[in-house]
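# Report on the structure
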Amino acid sequence: MGDILTFFVDHLGALADPVVLVFGGLLAAAGFMGSSYLTKNRMADQEERMRLLEAQSTTVAPADEPPFEFVYEVIRAKEFYNAIAGSYDQRNSSELLATHRAVISCLTPALDDNPADILDLGGGTGQLIAHRFFDKPLVTWNYVDFSPMMAERFQDNFSQTALKCRIHVNDVSGYLDQAVGASVDFAVLSMLLSSLPRDPDWTSLYHVLRAGGKLVVADADPAYTAIHPYYAISVDEQRHALRPRSVSPAQVTHDAGIAGFRHISTDTVRKANLNYTFIIQFQKPQ
Ligand SMILES: C[S@@+](CC[C@H](N)C(=O)[O-])C[C@H]1O[C@@H](n2cnc3c(N)ncnc32)[C@H](O)[C@@H]1O
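First, a word on scope: everything that follows refers to the structure included in this document.

Conventions we followed
Residues numbered from 1 in each chain as written. Predicted model: local features only at pLDDT ≥ 70, side-chain atom pairs only at ≥ 80, totals over all residues. Helix = DSSP H or I, 4+ residues; strand = E, 2+ residues; numbered from the N terminus. Buried ≥ 20, exposed ≤ 12 C-beta atoms within 10 Å, placed from the backbone. Contact = placed C-beta atoms within 7 Å. Pairing = 2+ DSSP bridges. Axes fitted to C-alpha atoms, helices over the stretch in contact; angles between N-to-C directions. Near = placed C-beta within 6 Å. Nonpolar A, V, L, I, M, F, W, Y, C, P; charged D, E, K, R; others polar. Arc of directions from axis to C-beta.

Let us look at the overall build of the chain. Looking only at helices and strands, one finds 9 helices and 14 strands in the chain. Relative to its 286 residues, the chain shows a buried fraction of 37%. Sequence separation of 24 or more characterises 70% of the internal contacts of the chain that already satisfy a separation of 6 or more.

Before going further, it helps to examine the sheet that holds strand E5 (residues 70-73). With respect to topology, 3 strands assemble into an open sheet ordered E5-E12-E11, the strand pairing being mixed. Edge positions in the sheet fall to E5 and strand E11 (231-235), since each has one partner strand and no second. Adjacent strand axes in the sheet meet at a mean angle of 20°, parallel and antiparallel pairs treated alike. Pairing geometry for E5 and strand E12 (residues 238-243), over 4 bridges, is parallel. Bridged to Tyr72 within E12 is Leu242. Seen against the sheet, helix H2 (residues 77-84) touches E5, E11 and E12 and runs at an angle of roughly 145° to E12.

With respect to topology, 7 strands assemble into an open sheet ordered E8-E7-E6-E9-E10-E14-E13, the strand pairing being mixed. Both edges of this open sheet fall to strand E8 (164-169) and strand E13 (262-271), since each of them pairs with a single strand only. Adjacent strand axes in the sheet meet at a mean angle of 15° when their direction is disregarded. Two elements, strand E9 (residues 184-190) and strand E10 (residues 209-220), share 6 bridges in a ladder whose sense is parallel. Looking at E10, one finds that Val184 is bridged to Leu209. The sheet contacts of helix H9 (residues 249-259) involve E10, E13 and strand E14 (274-283), and relative to E14 the element is tilted by about 10°.

In this section: the site of the ligand. Around the ligand there are 19 residues in total, and Tyr81, Gly122, Gly124, Ser147 and Ser190 lie nearest to it. Counting residues per element, the ones that place at least two in the shell around the ligand are H2 and strand E7 (139-145). Grouping the amino acids of the shell around the ligand by side-chain chemistry returns 11 nonpolar, 6 polar and 2 charged.

Within the span of H2, buried status applies to Ala77, Phe80, Tyr81 and Ile84. One side of H2 holds all its buried residues, which, seen down the axis, span an arc of 90°. Where the residues of H2 are buried, they touch E5, helix H5 (148-158), E11 and E12.

This paragraph deals with the environment of Pro148. One can find Pro148 in helix H5. Pro148 sits 21 residues away from Val169 along the chain, and the two C-alpha atoms are 6.3 Å apart. Sequence-distant contacts of Pro148, that is, excluding residues within four places in its chain, are made with Asn82 and Val169.

Keep in mind that these numbers describe shape and distance, not what the molecule does.
Right under this line is the structure:
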């Protein structure tokens, strides 16, 4: 998830001053000036050069722009996550880390050495959220992810820690169907909804939480997804790109409300001048 980088390409021909830009793994060689173009009047030459460059400005996209070697629609998200599991944690921008910090802060009672049962749907490698609880023996981490490769990473990461874990390699909907009667203190959906073809059944989710339990939903803001329609990760120099679903925080708030959840707060993390992610907290009434 990178920013747009604008630079200029000169098509004048013979090359005197190559400008090489390296950005997010993308190597772009651009902007060449013809030596035959240089005149005795260097000032006039520079002005002409700037004028031509401006006239030919091109917006070049970073690593999340096509072409990609592999493109996946959300219906094939499992293949995507299996392919990129080993590289998942290499892409963490400061804004993504800020999003995870905001999610973790919604779970602070569990951080404060209180017993807690946490349901982590689409838990990934565990490096960004579960990691914060690895030294908490009073916490039980109910991990659900349909990617065996992600679950393997998670297992490697938590195995030497104090955290009690239950690992379910399952689709979120399949898990919720069979989890009736569970009574967790927190349910977390961090960067999951945009990988699903549709939202999970909020009513099923409502029933796996105990009364007073909290639901935390974080995902890419639709404004960001509209401008960055691919989520791309390089593996062995090949780029795998998932085309995430656009998720509206207003719709999530509405639908979770219909299921019975009480809205507590919505926060936003911004990147440059865009809303990057949203973090919504809900509570199941007592
Ligand atoms: C973008 S990652 C987020 C990982 C972690 N929650 C985080 O915030 O960094 C999405 C995770 O959800 C999992 N996932 C996607 N669709 C799923 C589904 N239908 N059922 C279960 N897990 C799913 C993927 O395998 C992946 O590990």
